[in-house]
Amino acid sequence: MNILITNFILNTPSGTETYVYELAIELHNRGHHVEIFTLLKGDLAKSLIDYGIHVSTDLKKIKKMPDCIHAHHNITTLKTAAFFKKTPIVYFIHDRTHFHDYPFRHPNILKYIAVDYNCKDRYLENGFEDNDIEIIYNWANLARFKQRKTISETPKKALAFSNYMSQTHIFPFIKEACLSEGIEIDLIGSGNGNATTTPENILEKYDIVFGKAKAVIEAMATGAAVIVCDFRGLAEFVTPENMFHYRKYNFGMKLMTNTIQTDLIVREIRKYNPENILKVSNFIRKEADFMSIVSQLENTYSTIIKEYDNNKRGKYKASYYNYLNIRKITFILVMKIRLNYNFPKSYAFIKKILHILK
């Protein structure tokens, strides 16, 4: 198959960028022709290009007509659907609140997918019907994230693993809690200036990992204990009792209902139990197996290609109201870029975004 993947930015190892990076390489390894359309190329894009996968910021430079489009983010999907007018699309939502993930409607979208039930709710609150939304969860690449041979009887080292934490934001509470329990603590992520593209070389060194979503799924796969925690708040230590529920919500925002404070973090740390940690690790290695999920995606691509060839079109037609909403939230994005970044350097990027919405 010729598969085109879209993503707003392809730069740092976070969120959908890592998802696209891993997926593109595996599809390429399975013999598919994979290309990526993004509005801004960075380090991850360069790595994919070096691997032999074409990444472009210009749809006119896509080398082969795609058989299907794996679409992330409304603005890149809008642009791609308008350019490839006769190509079926599978549209993904990875985030419950981010403006990029406001759902886009188009007749060429034959599948709408959410990575968890929280993201599914975003579709439902915007007029989609329950039966029309499929869940395909996040994964851990088990070839990269090996399970450790033994789990420590007591925790000695912990890691705050998040791009949203810093030495002055969230992390101080985690640090205080860990040190009070005699546990060493490190912080890794872009907010601390030390993001990594090789977490598989790091996670196995830590007994407890604080974080959310895909980062902690990978941590659990290595046999680390996980406490779901990030800028939205604190959830709980992942145990055999809550792991099915937490999986449904991607170990993410909907679960983080407690205030981040030292005493509550200490409470969770004291739930450390090697036997339970192993059960959770075995569960996630079975349920979040990367290879199985990529096979599921391949089946999804094949299905929408056949359905489109048989003249099936999506029930959620394009609408001016939907377009206006995407336009509005994109202008908000532009304003944020102008406020938070050096405007002369970001001007070309802003101009590209505005051009899409003409």
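Refer to the preceding data block for the structure.
All of these numbers come straight from a predicted model, not from anything done at the bench.

The rules behind these values
Residues numbered from 1 in each chain as written. Predicted model: local features only at pLDDT ≥ 70, side-chain atom pairs only at ≥ 80, totals over all residues. Heavy atoms only, no water. Helix = DSSP H or I, 4+ residues; strand = E, 2+ residues; numbered from the N terminus. Rg over C-alpha atoms; globule rule 2.2 N^0.38 Å. Buried < 20%, exposed > 50% of the residue type's maximum accessible area, 1.4 Å probe, protein only. Contact = heavy atoms within 4.5 Å. Areas by Shrake-Rupley, 256 points an atom, 1.4 Å probe, with all protein chains shown as cover. Lys, Arg positive; Asp, Glu negative; His and termini not counted. Charge placed at Lys NZ, Arg CZ, Asp CG, Glu CD. Phe/Tyr/Trp six-rings, centres within 6.5 Å; stacked < 30°, edge-to-face > 60°. Pairing = 2+ DSSP bridges. Axes fitted to C-alpha atoms, helices over the stretch in contact; angles between N-to-C directions. Salt bridge = Lys/Arg side-chain N within 4 Å of Asp/Glu carboxyl O.

1. A few points about the overall build of the protein
Item 1. Broken down by element type, the protein carries 12 helices and 12 strands.
Item 2. The globule rule puts the C-alpha radius of gyration for 358 residues at 21 Å, and the 21 Å found for the protein is close to it.
Item 3. With respect to the three principal axes, the spread of C-alpha positions in the protein is 60 × 45 × 40 Å.
Item 4. Expressed as a percentage of its 358 residues, the buried residues of the protein come to 56%.
Item 5. Considering only contacts in the protein between residues 6 or more positions apart, those separated by 24 or more positions represent 66%.
Item 6. Element-wise, carbon and sulfur atoms account for 50% of the exposed surface of the protein, whose accessible area totals about 16,100 Å².
Item 7. If you average the places of the 48 positive and of the 37 negative side-chain charges in the protein, the two averages end up 8 Å apart.

2. A word on the packing of aromatic side chains
Item 1. Summed over the entire model, instances satisfying the criterion amount to 15 aromatic pairs.
Item 2. Note on Phe83 and Phe84: the rings are 4.9 Å apart at their centroids and 80° apart in plane angle, and the pair reads as edge-to-face.
Item 3. Between the aromatic rings of Tyr91 and Tyr112, the centroid separation amounts to 6.2 Å while the plane-to-plane angle is 70°, which identifies the pairing as edge-to-face. One end of the pair, Tyr91, is in strand β5 (residues 89-93); the other, Tyr112, is in strand β6 (residues 109-114), and 21 residues separate them in sequence.
Item 4. Residue classification places Tyr91 among the buried residues on the basis of a relative accessible area of 0%.
Item 5. For Tyr112, a relative accessible area of 3% corresponds to the buried category.
Item 6. Pairwise contacts between aromatic rings join Tyr91, Tyr112, Tyr123, Phe128 and Tyr316 into one cluster.

3. Focus on the sheet that holds strand β9 (residues 184-188)
Paired through their backbone hydrogen bonds, the strands of a sheet run either parallel or antiparallel.
Item 1. As summarised here, the arrangement of the 5 strands in space is β9-β8-β10-β11-β12, forming an open sheet in which the pairing is mixed. Sheet topology places β9 and β12 (233-237) at the edges, where each strand pairs with a single neighbour. Shown here is a sheet whose adjacent strand axes are inclined to one another by a mean of 20°, direction ignored.
Item 2. Summarising the sheet, strand β8 (residues 157-161) and strand β10 (residues 208-211) pair through 3 bridges and their orientation is parallel. Following the sheet pairing, Leu159 is matched in β10 by Val209.
Item 3. The sheet strands contacting helix α5 (residues 171-180) are β8, β9, β10 and β11 (225-230), and the helix crosses β9 at an angle near 160°.

4. Let's talk about the pattern of salt bridges
If the charged atoms of two oppositely charged side chains come close together, the side chains can form a pair.
Item 1. Under the criterion given, the structure shown has 18 salt bridges.
Item 2. Glu181 serves as the salt-bridge partner of Arg270, at 2.9 Å between the closest nitrogen and oxygen. Of this pair, Arg270 sits in the loop between α8 (262-269) and α9 (274-287) while Glu181 sits in the loop between α5 and β9; the two residues are 89 residues apart in sequence, bridging distant segments of the chain.
Item 3. For Glu181, a relative accessible area of 28% puts it in the partly exposed group.
Item 4. For the salt bridge of Lys279 with Glu275, the shortest nitrogen-to-oxygen distance reads 3.8 Å. Remark: Glu275 and Lys279 occur in helix α9; sequence separation between them is 4 residues, near one turn of the helix.
Item 5. Residues participating in the shared-partner salt-bridge network are Glu22, Arg144, Glu200, Lys214 and Glu218.

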